[in-house]
Amino acid sequence: MSSLTHFDAQGQAHMVDVGGKAATRRVAIASGRIVMLPATLQIIESGTAKKGDVLGIARIAGIQAAKKTSDLIPLCHPLALTRVAVEFETDSAESSSVTCTATVETVGPTGVEMEALTAVQVALLTIYDMCKAVDRGMTITDVRLREKHGGKSGDYVAAG
């Protein structure tokens, strides 16, 4: 396992210097899901939530979150993102859940894994916020990096 890059030789936290790295195409895909009561999912799917279009608003929240990641995570670099896509899939048959997948891209000297993970988390939190009046027991789970491409460390694809 390689050493942690956000610490200097004295163990002090610092922002990694990416100034000498080549600008290359970087892509990250993250996903997660929110599990809820079947009645809550039915409200989302039917579009009858009192606060409006739950998945539409959650999509915008996820996109905004990806763009604001460096404001939220102290040692993340501000990045010029070239693409942020946030998608949802509902599952009423097995788990009464919504799965969120975020794909984030840039051309730059550092990756976009944190932006993809942040987009997923905030999109799922937005679903929670919009539906909490009818279901406070929703659970956000399984948030993880699924893929990353580009950069010195190459490609990563999660198992399963």
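Just above sits the structure.
Residues numbered from 1 in each chain as written. Predicted model: local features only at pLDDT ≥ 70, side-chain atom pairs only at ≥ 80, totals over all residues. Heavy atoms only, no water.

**Quick look at the pattern of salt bridges**
Once the charged atoms of two side chains with opposite charge are near each other, the side chains can pair.
Then step 1. Tallying each qualifying case throughout the model produces 6 salt bridges.
Then step 2. Across the pair K68 and D71 runs a salt bridge, and its minimum N-O distance is 3.5 Å.
Then step 3. Owing to a relative accessible area of 58%, D71 belongs among the exposed residues under this scheme.
Then step 4. Overlapping salt bridges bring together R25, R83 and E105 as one network. (Salt bridge = Lys/Arg side-chain N within 4 Å of Asp/Glu carboxyl O. Buried < 20%, exposed > 50% of the residue type's maximum accessible area, 1.4 Å probe, protein only.)

**Quick notes on the sheet that holds strand 5 (residues 156-157)**
Then step 1. Ordered in space as 2-3-1-4-5, the 5 strands form an open sheet in which the pairing is antiparallel. Either end of the sheet is taken by a strand with one partner, and the two such strands are strand 2 (81-91) and strand 5.
Then step 2. Taken together, the 8 bridges between strand 1 (residues 24-35) and strand 4 (residues 139-149) define a ladder with antiparallel strand orientation. Note on strand 4: the bridge partner recorded for I34 is I140.
Then step 3. Along the sheet face, helix 4 (residues 113-131) touches strand 1, strand 2, strand 3 (97-108) and strand 4 and points at about 25° away from the line of strand 1. (Pairing = 2+ DSSP bridges. Helix = DSSP H or I, 4+ residues; strand = E, 2+ residues; numbered from the N terminus. Contact = heavy atoms within 4.5 Å. Axes fitted to C-alpha atoms, helices over the stretch in contact; angles between N-to-C directions.)

**Some thoughts on the pairing of strand 4**
Then step 1. Here strand 4 pairs with strand 5 via 2 bridges, running antiparallel. Within the sheet, the bridge partner assigned to K148 lies in strand 5 and is Y156.
Then step 2. Connecting strand 4 to the next strand, strand 5, in antiparallel fashion are 6 residues, including G150 with a positive phi near 100°.

**Quick notes on unusual backbone geometry**
Then step 1. Look at S96: it is not a glycine, yet its phi comes out positive at around 45°.
Then step 2. A positive phi angle, close to 60°, is found at D142, a residue other than glycine.
Then step 3. Take D142: its relative accessible area is 45%, and that puts it in the partly exposed class.

**Regarding the side chain of D135**
Then step 1. By the element assignment, D135 lies in the loop between helix 4 and strand 4.
Then step 2. Separated by 3.0 Å, the side chains of D135 and T40 make a polar contact.
Then step 3. Ignoring sequence-local partners within four residues, the contact set of D135 consists of M36, L37, T40 and Y128. (Polar contact = N/O pair within 3.5 Å; in protein donor to acceptor, adjacent residues only side chain to side chain.)

**Some details on the environment of Y128**
Then step 1. The topology assignment puts Y128 in helix 4.
Then step 2. Counting along the chain gives 10 residues from Y128 to M138, while the straight-line C-alpha distance between them is 6.9 Å.

**Description of the pairing of strand 3**
Then step 1. Across the 12 residues of strand 3, 9 count as buried, placing the element largely inside the fold.
Then step 2. Bridge analysis of strand 1 against strand 3 gives 12 bridges, and the strand direction is antiparallel. Bridge pairing links A30 to A102 in strand 3.
Then step 3. The pairing of strand 2 with strand 3 spans 10 bridges and is classified as antiparallel. Looking across to strand 3, one finds that A85 is bridged to T103.
Then step 4. Between strand 2 and strand 3, which pair antiparallel one after the other, the connecting turn spans 5 residues, and S96 there sits at a positive phi close to 45°.

**Observations regarding the environment of R83**
Then step 1. Structurally, R83 is set in strand 2.
Then step 2. Under the relative-accessibility criterion, R83 is labelled partly exposed at 37%.
Then step 3. Once the C-alpha coordinates of R83 and V27 are considered, the two residues, 56 residues apart in sequence, prove to be 9.1 Å apart.
Then step 4. Not counting residues up to four positions away in its chain, the partners in contact with R83 are T103, V104 and E105.

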